[in-house]
Amino acid sequence: MIVKDRKKPIKLKMAEALLRRLPQHHYKRREIVDEYKKRLSGYNGEQEMDYFLKELDDNFIIINDLRLNNQGVYFQIDSLILSKKEIIILEAKNISGTLYFDRKFKQLVRILDGKEEGFRDPLSQVELQKNRLVHWLTDRGFIDMEIKAFIVICNRSAIIKVSNNEEETIGKVFHMDSLIDVIDKSNKNKMEILSKRELLNLQDLFIESDNPLIVSASDYFDINPKDIMTGVQCPRCMLIPMIRKNRTWKCPNCRYNNRKSHEQALQDFLLLLNPTINNSQCRDFLHIDSPDVCKRILNSSRLNRIGNTKGKQYFMS
């Protein structure tokens, strides 16, 4: 049972928004394209893993995209699986080619089209997550929970190899087609450590302790906010800006008309420039002169709002 769904990562959303709003010739564009492809591949792999996780019965509780604070150190877990018997950490990797897990030098080497490329060692990464989770649970009185950690290879065509055929390593890395079998085997013939009530209390503790990442696009991608193009973008030909006439956005290039094209522009502003938006900022970004028009647009949006009439701010959840 999935109790916390996976959402598109904030850094992936920011990369998408930047590719919509940076000029084609911008010096950072190639770097952002690479970042976008990497994060999209990772997200797609995690979604593939979720497809298999849905097959687990209600004896398992699944919490996706969990970010915890362990005495000032934050750590992220792709998927956390809770049961009365144990806790399982899953780290998804969507990488193609031949994957060689070198335990001697603690690195992952990918061979693709005759080219070797090095990556951070996922096994060391997931073991660090496990150790941090042990400390996190111990600090909260959960000292008897067994924790296992696995690497799930989400690319079906990838070939997995390990140094010296180490049995321990082989058991920790597998293709996602084996995911359910691995979880069932891990859980089989073990004593229950938690009661149903204790398991639900632990679930609630994780959910309440989740600390979603908050990051600034200008800081993370090192982008000057002045480089971001303003205006409503045409969803058909991608021109910026569209023109608003008779409550409809019209594209002067391809003649496409849409009444709600501003919705993506509002999302882009909140992702790239500021976590809140007011009427004045809305007018500037959407290229609208009328405060009343912007008031109607903001009030009809699906954004949350705070403040009184004059100082009202709108924001995403």
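Everything discussed here concerns the structure shown above.
Every chain begins its residue count from 1, and numbering advances along the sequence as written. pLDDT decides what is reported in this predicted model: residues at 70 or higher carry local features, side-chain atom pairs at 80 or more are listed and counted, and totals for whole chains, interfaces and linings draw on all residues regardless. Heavy atoms throughout the structure, all of them, feed into the side-chain values; hydrogens and water do not.

Colleague: What should I look at first to understand the overall build of the protein chain in this one?
Modeller: Regarding its fold elements, the protein chain presents 10 helices and 16 strands. Burial here depends on accessible area, computed with a 1.4 Å probe over protein chains only, as a share of the maximum for the residue type. Under 20% is buried, over 50% is exposed, and the range in between is partly exposed. Each of the 317 residues in the protein chain was classed as buried or not, and the buried ones make up 44%. It only takes one pair of heavy atoms within 4.5 Å for two residues to be counted as in contact. Once local pairs closer than 6 in sequence are excluded, the contacts in the protein chain between residues at least 24 apart make up 60%. Carbon together with sulfur atoms contributes 47% to the accessible area of the protein chain, which is approximately 17600 Å² in total. Within the protein chain, one finds 53 positive and 43 negative side-chain charges whose respective centroids are separated by 9 Å. Elements are defined by DSSP. Helices are runs of H or I of four residues or more, strands are runs of E of two residues or more, and each kind is numbered from the N terminus. Methods summary: accessible areas were calculated by the Shrake-Rupley approach with a probe of 1.4 Å, and residue burial reflects only the protein chains presented. Charge assignment in this entry is limited to Lys and Arg as positive and Asp and Glu as negative, and neither His nor the chain termini are counted. Every charge is mapped onto a representative atom, which is NZ of Lys, CZ of Arg, CG of Asp or CD of Glu.

Colleague: Which parts of the structure should I look at to understand the sheet that holds strand 5 (residues 98-102)?
Modeller: Strand pairing in a sheet relies on backbone hydrogen bonds, with the paired strands running either antiparallel or parallel. With mixed pairing, the four strands of this open sheet are ordered in space as 7-6-5-9. Here the strands that pair on one side only, and so sit at the sheet edges, are strand 7 (115-120) and strand 9 (159-162). When the angles between neighbouring strand axes are averaged without regard to direction, this sheet yields 25°. Note on pairing: two strands pair once DSSP finds at least 2 bridges between them. Looking at chain direction, strand 5 and strand 9 are connected through four bridges and run parallel. Looking across to strand 9, one finds that Thr98 is bridged to Ile159. Interaxial angle, 0 to 180 degrees, is taken between N-to-C directions of lines fitted to C-alpha atoms, where a helix line uses only the stretch in contact.

Colleague: Which parts of the structure should I look at to understand the pattern of salt bridges?
Modeller: Note on pairing: side chains with opposite charge can pair once their charged atoms come close. In what follows, salt bridge is the name for a side-chain nitrogen of Lys or Arg lying within 4 Å of a carboxyl oxygen of Asp or Glu. Overall, the coordinates contain 20 salt bridges when judged by the stated rule. Two residues, Arg110 and Glu117, come together in a salt bridge whose shortest N-O distance is 3.0 Å. Judged by its relative accessible area of 13%, Arg110 is buried. Exposure remark for Glu117: the relative accessible area of 33% places this residue in the partly exposed category. Beyond isolated ion pairs, a larger network of salt bridges with shared partners links Arg6, Glu46, Asp50 and Asp65.

Colleague: Please explain unusual backbone geometry as it appears in this structure.
Modeller: A negative phi holds for most residues other than glycine; trans holds for most peptide bonds. Pro241 follows Ile240 through a cis peptide bond whose omega is 5°. Counting through the fold element by element, Pro241 comes out in the loop between helix 7 (217-220) and strand 11 (243-245). Residue Asp113 is not a glycine yet carries a positive backbone phi of 55°. One can find Asp113 in the loop between strand 6 (107-112) and strand 7. Despite not being glycine, Asn246 has its phi angle at roughly 55°, a positive value. Residue classification places Asn246 among the exposed positions, given a relative accessible area of 66%.

Colleague: Looking at this structure, I do not really get the environment of Ile223. What am I missing?
Modeller: Relative to the helices and strands, Ile223 resides in the loop between helix 7 and strand 11. Among the residues examined, Ile223 registers a relative accessible area of 5% and is labelled buried. Residues Ile223 and Leu40, spaced 183 residues apart in sequence, show a C-alpha to C-alpha distance of 20 Å. Not counting the four nearest positions on each side in its chain, Ile223 is found in contact with Leu18, Leu22, His26, Lys28, Ile32, Ala217, Ser218 and Ile228.

Colleague: How should a positive patch on the surface be read in this particular structure?
Modeller: A cluster of basic residues, Arg247, Arg259, Lys260 and Arg296, forms a positive patch at the surface. Looking at the element boundaries, Arg247 is found in the loop between strand 11 and strand 12 (248-250). Two distance rules govern patches: like charges are joined within 9 Å, and nonpolar side chains (Val, Leu, Ile, Met, Phe, Trp, Tyr) within 5 Å, applied only to residues with over 30% relative accessible area and no salt bridge.

Colleague: I keep staring at the sheet that holds strand 15 (residues 304-306) and nothing clicks. Help me out?
Modeller: Strand order across the open sheet formed by three strands is 14-16-15, with antiparallel pairing between neighbours. Across the chains shown, the open sheet's two edge strands, defined by having one partner strand only, are strand 14 (276-277) and strand 15. The sheet contact formed by strand 15 and strand 16 (residues 313-315) spans three bridges and is antiparallel. Looking across to strand 16, one finds that Asn304 is bridged to Phe315.

Colleague: Looking at this structure, I do not really get the pairing of strand 2 (residues 61-70). What am I missing?
Modeller: Consecutive side chains of a regular strand alternate in pointing toward one face of the sheet and then the other. For strand 2, a buried count of nine out of 10 residues is recorded, marking the element as mostly surrounded by other parts of the structure. Two strands pair when backbone bridges link them, and strand 1 (residues 2-4) and strand 2 are joined in this way by two bridges, in the parallel orientation. The residue of strand 2 that forms the bridge with Lys4 is Ile63. Following strand 2, the chain reverses through two residues before pairing antiparallel with strand 3 (residues 73-82); Gln71 in that reversal takes a positive phi of roughly 55°.

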